[in-house]
Amino acid sequence: MADRISTKDISTVDDVSGESVDLIEITGVVKWFDVAKGFGFIVPDNGMQDVLLHVTCLRRDGYQTILEGTRIVALVQKRDRGYQAFRILSMDQSTAVHPSQLPPVKTHVQVTPTSGLERVLVKWFNRTKGFGFLTRGEGTEDIFIHMETLRRFGMTELRPGQTVLIRFGDGEKGLMAAEIHPDVPAPPARSH
C-alpha cells in the first residue's frame, strides 16, 4: 500500500547532529512494545507502513515504556529501513492493554502453580536472554522465571538480591514461576 502523506504533514527540524530532518506527524496505535528488546511498532491510522518505536525516543520524551494498544501522536522520519519515531507528541493509554490481560505467548511454556504465594530471592536475571533463576534459600531447587511471566504481571526487570512473591509449579525441566508480584513490605505495626 502506498504511503498517504500530504505535504502539510511534513515539517523540517534539526536533529542532534545539526542536520536537517524531514518529519511527518502521524497518529496511530502501538502494535507491540518489548521493554527487554528496547523497541516496538506503531500502526499509523493513515495506512502507511508500521513505524519503529525505539526506547531511546520514549525516554528522551519522558516515558519509560508504552503498553500495547496505546494511542500515540508522533513525529516520524524516513530511514533506510523504513519509518522510525523521532519524537512523541502525546499518548493516550485509555485503550492500552495491560500485559496481565494479554493472552499467553505461544513461544512460552505455561505452568500451573502448585505452591502458595512464597517469598523468594532473585539469583540472577538477564533481560537480553529473557530469563533468570529464583531461590527459596540454600539447599532448595532453583526456580526458572521467564520474561513473559514478568510482563504478564506488569514487571519489567529483576535485580540479583531482590525479593519477590511468586507461585510456581513443575515445568518440563524443573520448577518454574507461574506468577510474580513485587514484595511490598508490610507497614510497621503502630501501638495506640
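It should be noted that the structure appears before, not after, this text.
Before going into details, it helps to say that this report is about the structure given with it. This is a predicted model, so every value here is computed, not measured.

## Some thoughts on the overall build of the protein
Line of reasoning, step 1. Scanning the protein for helices and strands turns up two helices and 11 strands.
Line of reasoning, step 2. In the protein, the succession of helices and strands from N to C terminus is β-β-β-β-α-β-β-β-β-β-α-β-β.
Line of reasoning, step 3. The proportion of buried residues among the 192 residues of the protein is 37%.
Line of reasoning, step 4. When contacts within the protein are restricted to residue pairs at least 6 apart in sequence, long-range pairs at least 24 apart make up 54% of them.
Line of reasoning, step 5. Counting only carbon and sulfur atoms, one obtains 51% of the accessible surface of the protein, whose full area is about 11600 Å².

## Side note on the pattern of salt bridges
Line of reasoning, step 1. Under the criterion given, the structure shown has seven salt bridges.
Line of reasoning, step 2. One salt bridge connects arginine 87 with aspartate 61, and the closest N-O pair in it is separated by 2.8 Å. Residue arginine 87 is located in strand E6 (residues 82-92), and its partner aspartate 61 is located in the loop between helix H1 (55-60) and strand E5 (71-79); the two are separated by 26 residues in the primary sequence.
Line of reasoning, step 3. Between arginine 151 and glutamate 148 there is a salt bridge whose closest N-O contact spans 2.4 Å. With arginine 151 and glutamate 148 both in helix H2 (residues 147-152) and three residues apart, the pair spans about one turn of that helix.
Line of reasoning, step 4. The class of arginine 151 is buried, set by a relative accessible area of 16%.
Line of reasoning, step 5. For glutamate 148, a relative accessible area of 18% gives the class buried.

## Things to note about the packing of aromatic side chains
Line of reasoning, step 1. With the rule as written, the count across this model stands at eight aromatic pairs.
Line of reasoning, step 2. Aromatic side chains phenylalanine 39 and phenylalanine 41 sit 6.2 Å apart centroid to centroid with 90 degrees between the ring planes, which places their arrangement in the edge-to-face category.
Line of reasoning, step 3. Ring plane angle 55 degrees and centroid distance 5.6 Å describe the contact between tryptophan 124 and phenylalanine 133, whose orientation is recorded as tilted.
Line of reasoning, step 4. The structure contains a cluster of three or more aromatic residues connected by ring pairs, namely Trp124, Phe131, Phe133 and Phe144.
Line of reasoning, step 5. Between arginine 60 and the ring centre of phenylalanine 86, over which it is positioned, the NZ or CZ distance is 5.3 Å.

## Concerning the nonpolar core
Line of reasoning, step 1. Leu53 and Val76 are the most contacted members of the largest nonpolar core, which has 20 residues in total.
Line of reasoning, step 2. Counting residues per element, the ones that place at least two in this core are strand E2 (20-34), strand E4 (51-54), H1, E5 and E6.
Line of reasoning, step 3. The next biggest cluster of nonpolar side chains, apart from the first, holds 16 residues, and it includes Val120, Leu158, Val164 and Ile166.

## Let's talk about the environment of glutamine 110
Line of reasoning, step 1. Note that glutamine 110 resides in the loop between E6 and strand E7 (118-126).
Line of reasoning, step 2. Taking the relative accessible area as the measure of exposure, glutamine 110 reaches 39% and is therefore partly exposed.
Line of reasoning, step 3. C-alpha separation for the pair glutamine 110 and glycine 171, spaced 61 residues apart in sequence, amounts to 8.1 Å.

## Comments concerning the pairing of strand E9 (residues 143-146)
Line of reasoning, step 1. Here E9 shows a clear split, with Ile143 and Ile145 buried on one side and none of Phe144 and His146 buried on the other.
Line of reasoning, step 2. Two elements, strand E8 (residues 131-135) and E9, share four bridges in a ladder whose sense is antiparallel. Bridge pairing links leucine 134 to isoleucine 143 in E9.

## Concerning the environment of glycine 169
Line of reasoning, step 1. In this fold, glycine 169 is placed in strand E10 (residues 163-171).
Line of reasoning, step 2. Once the C-alpha coordinates of glycine 169 and isoleucine 143 are considered, the two residues, 26 residues apart in sequence, prove to be 8.9 Å apart.
Line of reasoning, step 3. Here glycine 169 is in contact with Val111, Thr112, Pro113, Thr114, Gly174, Leu175 and Met176, once residues within four sequence places are set aside.

Parameters and conventions
Residues numbered from 1 in each chain as written. Predicted model: local features only at pLDDT ≥ 70, side-chain atom pairs only at ≥ 80, totals over all residues. Heavy atoms only, no water. Helix = DSSP H or I, 4+ residues; strand = E, 2+ residues; numbered from the N terminus. Buried < 20%, exposed > 50% of the residue type's maximum accessible area, 1.4 Å probe, protein only. Contact = heavy atoms within 4.5 Å. Areas by Shrake-Rupley, 256 points an atom, 1.4 Å probe, with all protein chains shown as cover. Salt bridge = Lys/Arg side-chain N within 4 Å of Asp/Glu carboxyl O. Phe/Tyr/Trp six-rings, centres within 6.5 Å; stacked < 30°, edge-to-face > 60°. Lys NZ or Arg CZ within 6 Å of the ring centre and 35° of its normal. Core = buried A, V, L, I, M, F, W, Y, C linked by side-chain atoms within 4.5 Å. Pairing = 2+ DSSP bridges.

The values reported here are purely geometric and, on their own, carry no functional implication.
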